[in-house]
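Next come the chains, spelled out residue by residue.
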Amino acid sequence: MSGRRSIGWRGRLRVWREIVALAFGSIRMNLSRSVLASVGTGTALTDAARFVEAEGVLRGALTSAETLLDADGQMAAVAALARCLFWQKRWHDAIALVARHPPVPGCTAARA
């Protein structure tokens, strides 16, 4: 083999696992950014008094953040959705939402 060593199928499998782990890590980071972008969109819709659209976007962002186990995204989505519900005079819904999502230790997102 003129100086090169064959890594075999186990070595190739290990390399492929590392490549896949890096790719999915990058995808997860981009998805977390899209959750925060959705929270921003929902907040802008709330500010424009387009509450139905805002609630839909923010509930989608919250569901995505929960699926991704993204604590910062969850807290940002909960705060924005509670604000949207508050402005719709749905105070009980906003309180119940915040009560269902207690603060996560180590989360850097500010709570409203």
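What you see as residue numbers is a count from 1 along each chain, following the sequence as written. Given that this is a predicted model, residues contribute local features only at a pLDDT of at least 70 and side-chain atom pairs are listed and counted only at 80 or more, while totals for whole chains, interfaces and linings are drawn from all residues. Side-chain numbers come from the whole structure's heavy atoms, not from hydrogens or water.

Our next topic: the environment of Ala77. Here Ala77 is to be found in helix α3 (residues 71-87). Whether a residue is buried, partly exposed or exposed follows from its accessible area with a 1.4 Å probe, protein chains only, as a fraction of its type maximum: under 20%, in between, or over 50%, in that order. Of the residues examined, Ala77 reaches a relative accessible area of 0% and is grouped as buried. Remark: the alpha-carbon pair of Ala77 and Val35, spanning 42 residues in sequence, is separated by 8.2 Å. The criterion used for residue contact is that any of the two residues' heavy atoms lie within 4.5 Å. In this structure, Ala77 is in contact with Val39, Leu58, Ala61 and Leu62, ignoring residues within four places of it in sequence. In this text, helices come from DSSP runs of H or I with a minimum length of four residues, and strands from runs of E with a minimum of two, each type numbered from the N-terminal end.

What follows concerns helix α2 (residues 51-68). By definition here, a helix of n residues has an expected span of 1.5 Å times n minus one. Taking 1.5 Å per residue as the helical rise, α2 with its 18 residues ought to reach 26 Å, and the 25 Å between its terminal C-alpha atoms agrees with that figure. Within the span of α2, buried status applies to Ala54, Glu55, Leu58, Ala61, Leu62, Ala65 and Leu68. For α2, the angular spread of the buried residues around the axis is 160°, confining them to a single face. More than 90 degrees from the buried face of α2, the exposed residues found are Val52 and Thr67. Note: the arc covers the axis-to-C-beta directions of the helix.

Our next topic: the side chain of Glu55. Tracing the backbone through its elements, the reader meets Glu55 in helix α2. On the basis of relative accessible area, Glu55 is assigned to the buried category, the value being 13%.

So, about the nonpolar core. One finds Val39, Leu58, Leu62, Leu81 and Leu97 to be the most contacted residues of the largest nonpolar core, which totals 19 residues. Those elements giving two or more residues to this core turn out to be α1 (8-47), α2, α3 and α4 (91-100). The element that contributes the greatest number of residues to this core is α3, accounting for 8 residues. Among the buried residues, those of types Ala, Val, Leu, Ile, Met, Phe, Trp, Tyr and Cys that are joined through side-chain atoms within 4.5 Å form a nonpolar core.

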